[in-house]
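Coordinate inspection notes
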Amino acid sequence: MPDPIIIIGGGIAGMAAAWRLIPTGLPVTLLEARPRLGGRLDSLRAAGAPTPFDNGPHLFLSSYVRTRRLLREIGLERDFDYPWPGRLPVIGPQGRAAILWEWPLPAPFNFSAGLLSFPLLSWKARNRAVLAARDLLTGPLEAEVSAAQWLEAHGEAEERGLFWEPLVRAALNAPSEAVPVRDLQVILREGFAKGLTGGRLGHARRPLGKIFGEGMRRALEEAGVQVLTGHTVGGAEITAGRITSVKLRNGRSLPCRAVVAALPPWALYDWLRTLPHPTPLVAPLHLEAWGAQSLVSLFLWAGQRPWVEPWTSLPGRRAAWVFDYTRLWGDSRAPLGLILEWPDLPQSQTAAAMRGFVAREILPELAAALPQLSRVPWRAWKLVRERRATPLRPRALWGHPLSPTTALPNLVLAGDWLDPLLPPTVEAAVRSGEAAGEKIIMQKIALDK
Ligand SMILES: Cc1cc2nc3c(=O)[nH]c(=O)nc-3n(C[C@H](O)[C@H](O)[C@H](O)COP(=O)(O)OP(=O)(O)OC[C@H]3O[C@@H](n4cnc5c(N)ncnc54)[C@H](O)[C@@H]3O)c2cc1C
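Residues numbered from 1 in each chain as written. Predicted model: local features only at pLDDT ≥ 70, side-chain atom pairs only at ≥ 80, totals over all residues. Heavy atoms only, no water.

Here the focus is the overall build of the protein. Looking only at helices and strands, one finds 13 helices and 20 strands in the protein. Relative to the compact-globule value of 22 Å for 449 residues, the protein shows a C-alpha radius of gyration of 22 Å, a close match. The C-alpha extent of the protein, read off along each of the three principal axes, is 65 × 50 × 40 Å. Here the protein, with 449 residues, has 55% of them falling under the buried criterion. Restricting the contact set of the protein to residue pairs at least 6 apart, pairs at least 24 apart contribute 68%. Put simply, the protein shows about 19,100 Å² of open surface, and 54% of that area lies on carbon and sulfur atoms. For the protein, the distance from the average position of its 52 positive side-chain charges to the average position of its 40 negative side-chain charges is 4 Å. (Helix = DSSP H or I, 4+ residues; strand = E, 2+ residues; numbered from the N terminus. Rg over C-alpha atoms; globule rule 2.2 N^0.38 Å. Buried < 20%, exposed > 50% of the residue type's maximum accessible area, 1.4 Å probe, protein only. Contact = heavy atoms within 4.5 Å. Areas by Shrake-Rupley, 256 points an atom, 1.4 Å probe, with all protein chains shown as cover. Lys, Arg positive; Asp, Glu negative; His and termini not counted. Charge placed at Lys NZ, Arg CZ, Asp CG, Glu CD.)

What follows is the structure in structure tokens.
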């Protein structure tokens, strides 16, 4: 039996790389530190919570073409829905509700027609927003200025607060000061204003763990991939300039012919520092300088409650988004999921302090925005804090494409932070995983042993 191609990291990037490598006929081993696959596409269970809950609400765009192809090939596409025509309910700070439609028109008219008919904005603000969108869609990609700087120079507070900031937050999971305007341009072009119908918002119809943790694992194993969960990689042996084996934290060594490291920048940094000569691998990626954007979600269960929209944007509030999982999953026991603007939540908060905060601040705010929820007795709640939800590029790397190849010829990198075009998203992770697999095949990296 030849040595396998080893993939380190069982997130969606690593799984996409594994799937892409199956047709080579070479053995493929996927190593994942946690007890399950899926990485940041995850679901949790907790005592007292009547159903599983995701690690945070996720939106999938209909324009995630590679993700959708992968799901189709694996047989999981029916687990996703992209309602048509696209609609986003928004409740303004004064409680006025409106729908932001994605019109059934070819892009970019779908997007601009929706903006022009968005009643929460004054006419002037709608016009300014459409002109700014036109400039973002047609102008050269700009990596020097942040999205916040650009938006300040191209509009006013009204459309920033009610439209642009919520869009940046939702699509890029970061405040507009922390990302280059290039990322906003790319997400508008590739995500929302592409193709005949543009990018509708979509969602998973089951808990993410069932789809990515269980469904994908089953498909990979049936196709012959060896999946080893609970296996943390903590080193490697390098002989004559190539990785010859991967070391596990439990002391075992696994021989390999090539490696795909499908890890976020912080985990890659930790692993590379265990290698004999890490500097040429670490330096060009500035791995030590990468940050992360956190995401705090609150899940609430009630015996019975009214349905609300599948998702609702609540700009200007601490509960910035509400997702109704009873509608997303078609399960009446499922929770309501809120994305909280709460990045400064101290790590040391006690459960009692957090409970008080939720009761004092979040629930009244939610009830004011959605009065039909005001009398609901919430039976259980869970706060999920993903401290590293998405990687944040250091400013020195804004606009610079990063290479997935390294100074070690049989080590290729993958992960949501490495796509040359897209900001960190599921689609970027799938594209980078597939690209790593293709590199190994096209450059015959695994055959050079
Ligand atoms: C709450 C939340 C909401 C999000 N919302 C959206 C959204 O709406 N739309 C969207 O497109 N994206 C969203 N994202 C981002 C999206 O989930 C990620 O971009 C994507 O899942 C990243 O996949 P990945 O494979 O690159 O990395 P990961 O999923 O991080 O996978 C890396 C894997 O490597 C494993 N690992 C780490 N170190 C080691 C080691 N030493 N040995 C072995 N294994 C190791 C980790 O356990 C992990 O499973 C969200 C993320 C979060 C957390």
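Nonpolar side chains in soluble globular proteins generally cluster together in the buried interior. Counting residues in hydrophobic clusters, the biggest one holds 98 residues, and the most contacted among them are Phe60, Trp164 and Phe212. When residues in this core are grouped by element, the largest group, 8 residues, is from helix 1 (residues 12–21). If near-sequence neighbours (up to four positions away) are discounted, Trp164 is found in contact with Ala129, Ala132, Ala133, Leu136, Leu151, Glu159, Leu184 and Leu188. Counting residues in each nonpolar core, the second largest holds 30 residues, with Ala236, Val259, Leu285 and Leu287 among its members. (Core = buried A, V, L, I, M, F, W, Y, C linked by side-chain atoms within 4.5 Å.)

Contact pair helix 4 (residues 123–138) / helix 7 (residues 181–192): the axes reach a minimum separation of 8 Å and the direction vectors enclose 95°. Taken together, the axes of helix 4 and helix 7 are roughly perpendicular relative to one another. Each of Leu136, Leu137 and Thr138 in helix 4 lies in contact with helix 7, whose residues at this interface are Val181, Leu184, Gln185, Leu188 and Arg189. Class assignment of the residues belonging to the contact of helix 4 with helix 7 gives a composition of 5 nonpolar, 2 polar and 1 charged. (Axes fitted to C-alpha atoms, helices over the stretch in contact; angles between N-to-C directions. Parallel < 35°, antiparallel > 145°, perpendicular 65-115°, else oblique. Nonpolar A, V, L, I, M, F, W, Y, C, P; charged D, E, K, R; others polar.)

Before going further, it helps to examine the site of the ligand. Around the ligand, the structure places 35 residues, and the nearest of them are Glu32, Arg40, Leu59, Tyr64 and Asp416. Within the backbone of Ala13, a nitrogen or oxygen atom sits 2.9 Å from an oxygen atom of the ligand. Notes on the ligand: free accessible area 1,000 Å², of which the protein chains cover 92%. Secondary structure elements with two or more residues in the shell around the ligand: helix 1, strand 2 (28–32), strand 19 (378–392) and helix 13 (426–442). (Near = heavy atom within 4 Å. Polar contact = N/O pair within 3.5 Å; in protein donor to acceptor, adjacent residues only side chain to side chain.)

Right, let's get into the domain arrangement of the protein. When its domains are assigned, the protein resolves into domain 1 (5–41 + 207–289 + 396–447), domain 2 (101–195) and domain 3 (291–392). For domain 2 and domain 3, the distance between their C-alpha centroids amounts to 26 Å. Buried surface at the junction of domain 2 and domain 3, both sides included, amounts to about 690 Å², of which 55% is carbon and sulfur. When the buried area of domain 2 at its contact with domain 3 is split by residue, Pro166, Arg169 and Asn173 rank highest and sum to 62% of it. Counting every contact that joins domain 2 to domain 3 gives 1 salt bridge. Note that Arg169 is salt-bridged to Glu341, the shortest N-O span being 3.2 Å. The tally of links from domain 2 across to domain 3 stands at 2 residue pairs in polar contact (both at pLDDT 80 or more). Taken together, the residues of the side of domain 2 that touches domain 3 sort by class into 8 nonpolar, 2 polar and 1 charged. (Domains from an automatic or database assignment. Buried area = accessible area lost by both parts, 1.4 Å probe. Salt bridge = Lys/Arg side-chain N within 4 Å of Asp/Glu carboxyl O.)

Attention now goes to the side chain of Arg126. Positionally, Arg126 belongs in helix 4. Here Arg126 is buried and forms no salt bridge, its nearest opposite-charge partner Glu158 lying at an N-O distance of 7.4 Å. Among the polar contacts listed, one links the side chain of Arg126 to the backbone oxygen of Leu116, at a separation of 2.9 Å.

Pairing within the open sheet is antiparallel, and its 3 strands lie in the order 5-9-6. The sheet is open, and its two borders are formed by strand 5 (60–61) and strand 6 (80–81), each paired with just one other strand. (Pairing = 2+ DSSP bridges.)

Below, the discussion takes up the pattern of salt bridges. Side-chain pairs of opposite charge can arise whenever the charged atoms involved come near each other. If you walk through the whole model with that rule in mind, you get 22 salt bridges. Ionic pairing is found between Arg217 and Glu221, a salt bridge with its closest N-O pair at 3.3 Å. Placement of both Arg217 and Glu221 in helix 8 (residues 208–222) is noted, with a separation of 4 residues, approximately one turn of the helix. According to the relative accessible area criterion, Glu221 is partly exposed, its value standing at 37%.

Applying the stated rule across the entire model yields 13 aromatic pairs. Relative to Phe212, the ring of Phe80 lies with its centre 6.0 Å away and its plane at 65°, an arrangement referred to as edge-to-face. One end of the pair, Phe80, is in strand 6; the other, Phe212, is in helix 8, with 132 residues separating them in the sequence. Of the two residues examined, Phe80 and Phe212, each falls in the buried class. Between Trp321 and Phe323 the ring centres are 5.9 Å apart and the planes differ by 25°, which places this aromatic pair in the stacked class. In textbook terms, an aromatic cluster arises when at least three aromatic residues are bridged by ring pairs, as seen for Phe53, Phe299, Trp301, Tyr325 and Trp329. For the cation-ring pair, Arg68 lies above Tyr82, with the distance from its terminal atom to the ring centre recorded as 4.0 Å. The ring of Trp123 carries the charged tip of Arg126 above its face, separated from the ring centre by 4.6 Å. (Phe/Tyr/Trp six-rings, centres within 6.5 Å; stacked < 30°, edge-to-face > 60°. Lys NZ or Arg CZ within 6 Å of the ring centre and 35° of its normal.)

Before going further, it helps to spend a moment on helix 8. Taking 1.5 Å as the rise per residue, helix 8 with 15 residues should run 21 Å; its terminal C-alpha atoms sit 20 Å apart, in good agreement. At Met216, helix 8 shows its strongest bend, of approximately 25°. Residues Leu208, Gly209, Ile211, Phe212, Gly213, Gly215, Met216, Ala219 and Leu220 constitute the buried set of helix 8. Once helix 8 finishes, Gly224 follows within two positions and takes phi at roughly 105°, a positive value. (Expected span 1.5 Å × (residues − 1). Bend = angle between axes of the 7 residues up to and from the residue.)

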